Amino acid sequence: QKEVEQNSGPLSVPEGAIASLNCTYSDRGSQSFFWYRQYSGKSPELIMSIYSNGDKEDGRFTAQLNKASQYVSLLIRDSQPSDSATYLCAVGDNYGQNFVFGPGTRLSVLP
Amino acid sequence: DTAVSQTPKYLVTQMGNDKSIKCEQNLGHDTMYWYKQDSKKFLKIMFSYNNKELIINETVPNRFSPKSPDKAHLNLHINSLELGDSAVYFCASSPLGADPETQYFGPGTRLLVL
């Protein structure tokens with residue numbers, strides 16, 4: 001059974017700081033990794049995907065993947081109150097098949 | 001235009017009842033899904049379905065059954081509702097296969113079983 005783990009939080013950071021969200025996974029054969037943002041009462045929305053070791057940057061978001069250590073992280077630079085949400089990590093095999101979600105980390109950015 | 005829509009948005013019902021949740025997508029996608037998100041925010045896939053194949057998560061009780069009258073609809077029927085069925089149910093669709101890059105979620109249906 002694939003497992004994906006995240007710190008449940010809440011993680012509180014001041015506005016303008018860097019928020020660091022971590023995710024570990026059990027299946028060493030996983031090939032695709034995703035970060036979703038979910039505002040309270042809303043559906044999840046995909047914000048980042050990463051498939052290769054290293055960093056991938058998109059605006060204020062950076063995803064970091066280390067397959068050897070089986071972890072993937074999401075950094076949010078210059079955090080804004082509007083970033084306050086639950087962030088879900090999802091891990092899958094090739095081409096995003098059979099992906100499993102983590103329990104999510106609740107982020108609170110304090111003005 | 002709403003890409004993936006679900007009805008009802010809220011559903012409150014008694015234990016033992018049978019209920020259905022409807023999902024419609026107007027994107028022309030081939031594959032549709034049902035997810036369950038419990039109170040602890042765990043999001044788990046229940047079913048994925050295209051016009052050829054139904055893939056069922058083996059942990060889903062057989063009280064849950066997806067029904068697809070056509071390619072644009074995948075309804076979720078639940079028999080003999082139990083307290084533990086209380087959750088938010090999300091429908092989703094994608095053009096081909098289970099690719100998160102192209103998957104659209106519906107707004108969710110909040111089910112409360114009393």
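You'll find the structure just up there.
The rules we used
- Residues numbered from 1 in each chain as written.
- Chains lettered and ligands numbered in written order.
- Predicted model: local features only at pLDDT ≥ 70, side-chain atom pairs only at ≥ 80, totals over all residues.
- Heavy atoms only, no water.
- Pairing = 2+ DSSP bridges.
- Helix = DSSP H or I, 4+ residues; strand = E, 2+ residues; numbered from the N terminus.
- Axes fitted to C-alpha atoms, helices over the stretch in contact; angles between N-to-C directions.
- Buried < 20%, exposed > 50% of the residue type's maximum accessible area, 1.4 Å probe, protein only.
- Contact = heavy atoms within 4.5 Å.
- Salt bridge = Lys/Arg side-chain N within 4 Å of Asp/Glu carboxyl O.
- Buried area = accessible area lost by both parts, 1.4 Å probe.

### Quick word on the sheet that holds strand E6 (residues 54–58) of chain A
All names here are of chain A.
So, point 1. Ordered by their spatial adjacency, five strands build an open sheet running E1-E3-E8-E7-E6, and the pairing between neighbours is antiparallel. Lying at the two open borders of the sheet, with one neighbouring strand each, are strand E1 (4–6) and E6. For this sheet, the mean angle separating the axes of adjacent strands, direction not counted, is 20°.
So, point 2. Summarising the sheet, E6 and strand E7 (residues 61–66) pair through five bridges and their orientation is antiparallel. By the bridge assignment, Gly 54 is partnered in E7 with Leu 65.

### What about the sheet that holds strand E7 (residues 64–67) of chain B?
Residue and element names in this part refer to chain B.
So, point 1. Strand order in the open sheet made by the four strands is E1-E3-E8-E7, with antiparallel pairing throughout. This sheet does not close on itself; its edge strands, each paired only once, are strand E1 (4–7) and E7. The average undirected angle you get between the axes of adjacent strands in this sheet is 20°.
So, point 2. Sheet topology note: the strand E3 (residues 19–25)/strand E8 (residues 75–78) ladder contains three bridges and is antiparallel. Considered in E8, the bridge of Ser 20 is made with His 77.

### Quick word on the environment of Val 4 of chain A
Residues and elements named next belong to chain A.
So, point 1. Position of Val 4 relative to the elements: it lies in strand E1.
So, point 2. Assessed through its relative accessible area of 8%, Val 4 is described here as buried.
So, point 3. The spacing of Val 4 and Val 100 is 96 residues in sequence and 6.9 Å in space, taken between C-alpha atoms.
So, point 4. Apart from the residues within four sequence positions on either side, Val 4 is in contact with Cys 23, Thr 24, Tyr 25, Cys 89, Val 91, Val 100, Phe 101, Gly 102 and Pro 103.

### With respect to the pattern of salt bridges
So, point 1. Tallied over the full model, the rule gives six salt bridges over all chains.
So, point 2. One salt bridge connects Arg 37 of chain A with Glu 45 of chain A, and the closest N-O pair in it is separated by 3.2 Å.
So, point 3. A salt bridge links Asp 30 of chain B to Lys 71 of chain B, with the nearest nitrogen and oxygen atoms 3.1 Å apart. Highlighted residues: Asp 30 of chain B in the loop between E3 and strand E4 (31–37) and Lys 71 of chain B in the loop between E7 and E8, separated in sequence by 41 residues.
So, point 4. Counted as one network, the salt bridges with shared partners bring together Arg 63, Glu 82 and Asp 85 of chain B.

### A few points about the pairing of strand E3 (residues 19–25) of chain A
Residue and element names in this part refer to chain A.
So, point 1. On E3, burial follows the alternation: Ala 19, Leu 21, Cys 23 and Tyr 25 on one face are buried, whereas Ser 20, Asn 22 and Thr 24 on the facing-out side are not.
So, point 2. Bridging between E1 and E3 involves three bridges; their strand directions are antiparallel. Across the sheet, the residue bridging to Gln 6 is Cys 23, located in E3.
So, point 3. Bridge count between E3 and strand E8 (residues 71–76): six bridges; the pairing is antiparallel. Residue Ser 20 lies in a different strand from E8, and its bridge partner there is Leu 75.

### A short note on the interface of chain A and chain B
So, point 1. Contact residues are listed per partner, giving 17 residues for chain A and 17 residues for chain B.
So, point 2. Summing the contributions of chain A and of chain B, the shared interface buries around 1500 Å²; its carbon and sulfur component is 55%.
So, point 3. When residues of chain A are sorted by the area they lose upon contact with chain B, Phe 99, Phe 101 and Pro 103 of chain A head the list and together hold 30% of the total.
So, point 4. Our enumeration of links across chain A and chain B arrives at zero salt bridges.

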